[in-house]
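Here's the letter readout for the chains.
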Amino acid sequence: MYRNQTNLALKGIIGIQAMAVISNTTGHPDDASNHSSIAKDYIARWQTLGVAHDANPPHTTLSYGANETHGQLAAPGALIILTFSRASVQSVCGS
């Protein structure tokens, strides 16, 4: 049985980016920059590790390296499109 590791990681990355927004809004630009930098690094890693790039079409996975599984991006997918690079996420999830 596969646990949904990739979706949980995605939620954490969204939370880190949310802290960047909160930090910026509350007048802590250095913290905002740090959180945003971490979130961008993590999302780049997630897009490499949490996606079956060799599948046609590419799809998210439930567990890292388990390319035979399929993850589902619903609300987290919508949030990540708003938070990070829309084009890179759409290339994985479709339009």
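Note that the coordinates shown come from a computational prediction; the quantities given were computed from them, not determined experimentally.

Definitions and limits used
Residues numbered from 1 in each chain as written. Predicted model: local features only at pLDDT ≥ 70, side-chain atom pairs only at ≥ 80, totals over all residues. Heavy atoms only, no water. Helix = DSSP H or I, 4+ residues; strand = E, 2+ residues; numbered from the N terminus. Buried < 20%, exposed > 50% of the residue type's maximum accessible area, 1.4 Å probe, protein only. Contact = heavy atoms within 4.5 Å. pLDDT = per-residue confidence, 0-100. Axes fitted to C-alpha atoms, helices over the stretch in contact; angles between N-to-C directions. Parallel < 35°, antiparallel > 145°, perpendicular 65-115°, else oblique. Left-handed = near helix turned anticlockwise from the far one by under 90°. Nonpolar A, V, L, I, M, F, W, Y, C, P; charged D, E, K, R; others polar.

A.B. asks: So what exactly am I meant to see when it comes to the environment of Asn24 here?
C.D. replies: Take Asn24: it is sitting in helix α1 (residues 5-25). When its relative accessible area of 51% is taken as the criterion, Asn24 is described as exposed. Sequence separation between Asn24 and His35 is eleven residues, and the spatial gap between their C-alpha atoms is 10.0 Å. Residues contacting Asn24, with those up to four places away along its chain left out, are Pro29 and Ala32.

A.B. asks: Explanation requested: the confidence of the model for the protein in the structure shown.
C.D. replies: Do not read the predicted coordinates in detail wherever pLDDT is low. Per-residue confidence for the protein averages 79 on the pLDDT scale, and 73% of its residues sit at or above 70. Across the protein, element-level confidence peaks in helix α2 (residues 29-49) with a mean pLDDT of 92 and bottoms out in helix α4 (residues 86-93) with 51.

A.B. asks: Teacher, can you tell me more about the packing of α1 against α2 here?
C.D. replies: When two helices pack together, their arrangement is given by the angle between their axes and by how far apart the axes lie. The N-to-C vectors of α1 and α2 enclose an angle of 160°; their axes lie 7 Å apart at closest approach. When the axis of α1 is compared with that of α2, the two are roughly antiparallel. The two elements α1 and α2 meet at a crossing, and its hand is left-handed. Here Thr6, Ala9, Leu10, Ile13, Ile16, Gln17, Met19, Ala20, Ser23 and Asn24 of α1 come into contact with α2, specifically with Pro29, Asp31, Ala32, His35, Ser36, Ile38, Ala39, Tyr42, Ile43 and Trp46. Across the contact of α1 with α2, the residue classes tally to 13 nonpolar, six polar and one charged.

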